[in-house]
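Close look at the chain arrangement
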Amino acid sequence: IYTSGTTGKPKGAMLSHRNILQSVRSFNMVIAQGEDDERMCFLPLCHVAERNGGAYFALYTGTTLNFVENPETIPENVREIAPTVFVAVPRVWEKFYSGVSIALKESNAFEQWAYKLAIGIGLEKVRRYETRQPIGGGLNFAHWLARLLVLNNVRKMIGIHRSRMLITGAAPISPDLVRWYMALGVPMLEGWGMTESSGGATLTPAGRIKPGMIGTNVPYCEVKVADNGELLIRGGNIFMGYLNQPEKTAEAIDAEGWLHTGDVGYVDEDGYFKI
């Protein structure tokens, strides 16, 4: 799979069968999927995210993979398919949010009031969740009612009303946008990786979401912060090297097998990484 070439000329990253299997196996241990799940394929298949996290992951798990008609029909196709697990890039999540905001401006005063009240309840629940405060039965009931009367309609408008989880990666996303989707009642998990690591190397566990963090290392894969702050990856998911470019391969993978990502970040006390 060729890299995008954002930091130089595109390079052909050679991914082995073992690389792919290690990647999909580890992800399935964190975000298990099966034959009852519906996924939607709309990102370019020449990119590692959709090739591995979409097509190959569906083959591995038996998940149904629905291909969109064309890029312009994505919003309609999402509502038609109603994926149970939805993987997308931040730009897509931003467009969905913008669509809801535009629809709200065109709604009547009562609908605007109801939405503001309902999303406020959801955001308060997220705030308590983040700060590890007790949520309480009263707030849980209020959120259930808010979802039943208002927020589920917002989810149906987007097409995520059946989604068990939303997954975002490939670019930074606003923590407040993650909180908004969580307030709707859908967990949003952030992941991070690169072509050379066969896709994701970290993923947020569904049981403990930290907006703004890219999660913990996935099984079978080590991630650490070097002395200079660079994130390093090692494991069976690390690529075989760059096609016909041994010098570039040697620059990317050191003698101990660590892939030098070029991304700078840190890790917190819970093992969550941040770029």
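Overview of the structure. Source: prediction; values computed, not measured.

Contact geometry for helix 3 (residues 74–81) and helix 6 (residues 136–158): axes closest at 7 Å, N-to-C directions at 120 degrees. The pairing of helix 3 with helix 6 is recorded here as oblique in orientation. In contact with Pro75, Val78 and Arg79 of helix 3, helix 6 contributes Lys156, Met157 and Ile158. Each residue belonging to the contact of helix 3 with helix 6 can be placed in one class, and the counts come to four nonpolar, no polar and two charged.

The subject of this paragraph is the nonpolar core. As a rule of thumb, soluble globular proteins bury nonpolar side chains together. Phe42, Phe86, Trp93, Ile158, Trp180, Tyr181 and Leu184 are the most contacted members of the largest nonpolar core, which totals 66 residues. If you tally residues by element for this core, the top one is helix 7 (residues 175–184), at seven residues. Leaving out residues up to four positions away in the same chain, tyrosine 181 has contacts with Trp93, Phe96, Tyr97, Ile158, Ile160, Leu166, Val186 and Met188.

A cluster of nonpolar residues, Phe141, Trp144, Leu145, Leu148 and Leu149, forms a patch on the protein surface that exposes about 540 Å² of accessible area. Relative to the assigned elements, tryptophan 144 resides in helix 6.

So, about the side chain of threonine 84. You can see threonine 84 is positioned in the loop between helix 3 and strand 4 (85–88). For threonine 84, a relative accessible area of 8% gives the class buried. Engagement of the side chain of threonine 84 in a polar contact is seen with the side chain of aspartate 37, the distance being 2.6 Å.

Before going further, it helps to examine the sheet that holds strand 10 (residues 230–235). Within the open sheet, the three strands sit side by side as 9-10-12. Their pairing is antiparallel. Two strands bound the open sheet, and with one partner strand each, they are strand 9 (221–225) and strand 12 (259–264). Between one strand axis and the next, the sheet turns through 25 degrees on average, direction left out of account. Bridging between strand 9 and strand 10 involves five bridges; their strand directions are antiparallel. Bridge pairing in strand 10 links cysteine 221 to glycine 235.

In the structure shown here, the tally under the stated rule is 10 aromatic pairs. An aromatic cluster is built from Phe42, Phe86, Trp93, Phe96, Tyr97, Trp180 and Tyr181, whose rings are joined through pairwise contacts. A cation sits over an aromatic face here: arginine 208 above tyrosine 129, 4.8 Å from the ring centre. Residue placement shows lysine 210 over the ring face of tyrosine 272; its charged tip is 4.6 Å from the ring centre.

Right, let's get into the pairing of strand 3 (residues 64–67). Taken together, the four bridges between strand 2 (residues 38–41) and strand 3 define a ladder with parallel strand orientation. From the neighbouring strand, methionine 40 faces strand 3, where its bridge partner is asparagine 66. Remark: the strand 2/helix 2 (residues 48–61)/strand 3 crossover connection has right-handed handedness.

For the rest of this paragraph, the subject is unusual backbone geometry. Of note, alanine 82 is a non-glycine position whose phi angle comes to about 50 degrees, a positive value. By the element assignment, alanine 82 lies in the loop between helix 3 and strand 4. For alanine 82, a relative accessible area of 5% corresponds to the buried category. Residues other than glycine seldom take positive phi values, yet tyrosine 220 does so here, at roughly 65 degrees.

Parameters and conventions
- Residues numbered from 1 in each chain as written.
- Predicted model: local features only at pLDDT ≥ 70, side-chain atom pairs only at ≥ 80, totals over all residues.
- Heavy atoms only, no water.
- Axes fitted to C-alpha atoms, helices over the stretch in contact; angles between N-to-C directions.
- Helix = DSSP H or I, 4+ residues; strand = E, 2+ residues; numbered from the N terminus.
- Parallel < 35°, antiparallel > 145°, perpendicular 65-115°, else oblique.
- Contact = heavy atoms within 4.5 Å.
- Nonpolar A, V, L, I, M, F, W, Y, C, P; charged D, E, K, R; others polar.
- Core = buried A, V, L, I, M, F, W, Y, C linked by side-chain atoms within 4.5 Å.
- Buried < 20%, exposed > 50% of the residue type's maximum accessible area, 1.4 Å probe, protein only.
- Patch = residues over 30% accessible without salt bridge, like charges linked within 9 Å, V, L, I, M, F, W, Y side chains within 5 Å.
- Areas by Shrake-Rupley, 256 points an atom, 1.4 Å probe, with all protein chains shown as cover.
- Salt bridge = Lys/Arg side-chain N within 4 Å of Asp/Glu carboxyl O.
- Polar contact = N/O pair within 3.5 Å; in protein donor to acceptor, adjacent residues only side chain to side chain.
- Pairing = 2+ DSSP bridges.
- Phe/Tyr/Trp six-rings, centres within 6.5 Å; stacked < 30°, edge-to-face > 60°.
- Lys NZ or Arg CZ within 6 Å of the ring centre and 35° of its normal.
- Right-handed = clockwise from strand over helix to strand, strands pointing away.

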